[in-house]
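# Architecture and fold: a report
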Amino acid sequence: GIAGGGAAAWWKALERRVLPQRSVLCAIGDGANDVAMIQTAHVGIGIAGREGSHAVRASDVSITNFGDLTRLLLLHGSFAYQRSAVVAQISFFKSWAFCFAQVMYSRSSGYGGTSVYDPFSIAACNALLFIPITFFALNRAVPISTLLQRPELYREKADSKLLNLSTILTWFMRALFQSVVTYVLVDGALSSSLFPQGHVPSYSEVAVASFCIFLLIQCGNLCLETTTFTCLQLLALAFGLVGSLMFYTLFNDSIKAQKLVDYHAVFHLCSSPTALLLLPLASVAALGPVVALKYTAPDRVAEAVALEKV
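Each chain has its residues counted from 1, running along the sequence as written. Reporting in this predicted model follows two pLDDT cut-offs: at least 70 for local features of residues, and 80 or more for side-chain atom pairs to be given and counted; totals over whole chains, interfaces and linings ignore these cut-offs and use all residues. Side-chain metrics in this entry use all non-hydrogen atoms of the structure; hydrogen atoms and water are not considered.

## Some thoughts on the overall build of the protein
Helices and strands together make up the secondary structure of the protein, namely 13 helices and four strands. Each of the 310 residues in the protein was classed as buried or not, and the buried ones make up 39%. Sequence separation of 24 or more characterises 67% of the internal contacts of the protein that already satisfy a separation of 6 or more. For the protein, the accessible surface area stands at approximately 16800 Å², while carbon and sulfur atoms represent 66% of it. Only runs of H or I of at least four residues qualify as helices and only runs of E of at least two qualify as strands under DSSP, and these elements are numbered from the N terminus. Accessibility here uses a 1.4 Å probe with only protein chains present; expressed as a share of the type maximum, an area under 20% marks a residue as buried, one over 50% as exposed, and anything in between as partly exposed. Should any heavy atoms of two residues lie within 4.5 Å, those residues are counted as being in contact. Using the Shrake-Rupley algorithm and a 1.4 Å probe, accessible areas are obtained, with residue cover drawn only from the displayed protein chains.

Set out below in structure tokens:
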């Protein structure tokens, strides 16, 4: 970036035009003569000082001291990019995983147009997972002290290593794999003789089992991407997992919900110990390979943290 001092405003505005077209310019100023430069740059930072508030009003970001630039770029910039990259891709992942299960169920049902999820599950999917995903914004991928002592870690963010075609394809394959595992286990388990007195699982019971496993897997993937757990994040994950399942169970057993789900579908599933074991076993089977790949792949950030401790 270019930090403007006392040069004329027209010269500062011209500096952007002589840079390469793909460059990203950050302009920093504290006076009225810096307004043209700040407005012309891709990102304008205004410093509140004795020369008035013209630069602050024209900037994208304002700070009070020049020394705050280090934390603004290395901390807030790094955290914002990491959080945005993960939230964007996990939102895609959630939709892909939800749709893949529908496609596989449609194939096995002869493309009759029936969804593997009941209407309430489809309507409540985004609402139940909204809070856990939102509170991921509190995550800190790297300790503050590490980022301040090793500025080169910011290069990974500047080079878009957390959000590119390769990472998007990785999330796509994760969604496909976990959807296949979920569907195969649910279809195989509920089609066998798991229920007492020869009870045949209804469509809604299959939908309930599939959606509960879907919620468990989504919260599990969020936990895998979270590196620092705060109290608010733990509460959000607890609500997304326990609260969502409880609300889903209470609604499912409500007589007013008969138009959306079969009455007492959750109660019928709970009558079989094997069906109860299906939820954690399917979640472990879907998340196990992801955990193995995640913790066996080299991680530059973890290496940097280890070097700092040494």
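## Regarding the packing of aromatic side chains
Stacked, edge-to-face and tilted are the three classes for Phe, Tyr and Trp ring pairs, Trp counted by its six-membered ring, which pair at centre distances within 6.5 Å; planes under 30 degrees apart are stacked, over 60 edge-to-face, the rest tilted. One pass over the structure, following the stated rule, counts six aromatic pairs. Each ring, one from Trp96 and one from Phe172, has its centre 5.3 Å from the other, and the planes form 75°; the classification is edge-to-face. Note that Trp96 is positioned in helix 4 (residues 69-108) and Phe172 in helix 8 (residues 165-190), a separation of 76 residues in sequence. Judged by relative accessible area, Phe172 falls into the partly exposed class, the value being 31%. Considering the side-chain rings of Phe98 and Phe214, the 5.4 Å spacing of their centres and the 70° angle between planes classify their relative orientation as edge-to-face.

## Digging into helix 5 (residues 119-134)
In an α-helix there are 3.6 residues to a turn, and that puts residues three or four apart on one side. A helix is expected to reach a length of 1.5 Å times the quantity of its residues less one. The end-to-end C-alpha distance of helix 5, which contains 16 residues, comes to 24 Å, matching closely the 22 Å that a straight helix rising 1.5 Å per residue would cover. The term bend refers to the angle at a residue between two fitted axes, each drawn through seven residues, those ending there and those starting there. At Cys125, helix 5 is bent by approximately 40°, the largest bend along its length. For helix 5, the set of buried residues is Phe120, Ser121, Ala124, Cys125, Leu128, Leu129, Pro132 and Ile133.

## Points about the nonpolar core
One finds Ile90, Phe98, Tyr117, Leu129, Phe211, Phe214 and Leu222 to be the most contacted residues of the largest nonpolar core, which totals 27 residues. Broken down by secondary-structure element, the contributors of at least two residues to this core are helix 4, helix 5, helix 8 and helix 9 (203-225). With nine residues, helix 4 is the single largest residue contributor to this core. For our purposes a nonpolar core is just a set of buried Ala, Val, Leu, Ile, Met, Phe, Trp, Tyr and Cys residues, chained together by side-chain atoms within 4.5 Å. Grouped together as the second largest cluster of nonpolar side chains are 15 residues, Cys212, Leu269, Leu278 and Leu287 included.

## A look at the side chain of Ser283
Checked against the element boundaries, Ser283 lands in helix 12 (residues 273-296). Taking relative accessible area as the criterion, Ser283 reaches 9% and is therefore assigned buried.

## Some remarks on the confidence of the model for the protein
By definition, pLDDT measures how confident the predictor is in each residue, and it falls between 0 and 100. For the protein, the average pLDDT comes to 75, and 73% of its residues sit at 70 or higher. Every residue in residues 1-8 is under pLDDT 50, and counting partners more than four places away or in other chains gives 19 contacts.

## Observations concerning empty space enclosed by the protein
A cavity here means a set of points on a 1 Å grid, drawn over the protein atoms and nothing else, where a 1.4 Å probe fits but cannot get out; a pocket is an open set with protein on both sides within 12 Å along at least five of seven lines, and a residue lines either one if it has an atom within 4 Å of a point. Grid points are joined across faces, edges and corners, and a volume is the space filled by probe spheres set on the points. Taken as a whole, this structure holds two cavities of 30 Å³ or more when the rule is applied. In this model, the largest cavity occupies a volume close to 90 Å³. Lining the largest cavity are Phe93, Ala97, Ala101, Tyr117, Gln178, Ser179, Thr182, Ser210, Ile213, Phe214, Ile217 and Gln218. In this classification, Asp, Glu, Lys and Arg are treated as charged, Ala, Val, Leu, Ile, Met, Phe, Trp, Tyr, Cys and Pro as nonpolar, and every other residue, Gly included, as polar. Among the residues forming the lining of the largest cavity, the class breakdown is seven nonpolar, five polar and no charged. When its volume is computed, the second largest cavity comes out at roughly 50 Å³. Contributing to the lining of the second largest cavity are Pro132, Phe135, Phe136, Leu222, Thr226, Gln233, Ala236 and Leu237. Of the residues in the lining of the second largest cavity, the class split is six nonpolar, two polar and no charged.

## Let's talk about the pairing of strand 3 (residues 43-47)
Burial analysis of strand 3 places four of its five residues in the buried class, the great majority of the element. A pair of strands counts as paired when DSSP detects no fewer than two bridges linking them. Two elements, strand 2 (residues 26-29) and strand 3, share four bridges in a ladder whose sense is parallel. Residue pairing across strands places Cys26 opposite Val43, the latter belonging to strand 3. Crossovers are described as right-handed under a simple rule: with the strands pointing away from the observer, the path leading from the first strand over the helix to the second runs clockwise. Handedness of the strand 2-helix 2 (residues 35-40)-strand 3 crossover: right-handed. Relative to strand 4 (residues 61-63), strand 3 is paired through three bridges, and the arrangement is parallel. When the sheet's bridge partners are listed, Ile45 is paired in strand 4 with Val61.

## Points about the side chain of Thr226
Mapped onto the secondary structure, Thr226 falls in the loop between helix 9 and helix 10 (231-252). When neighbours within four sequence positions are excluded, Thr226 is seen to be in contact with Phe136, Asn139 and Gln233.

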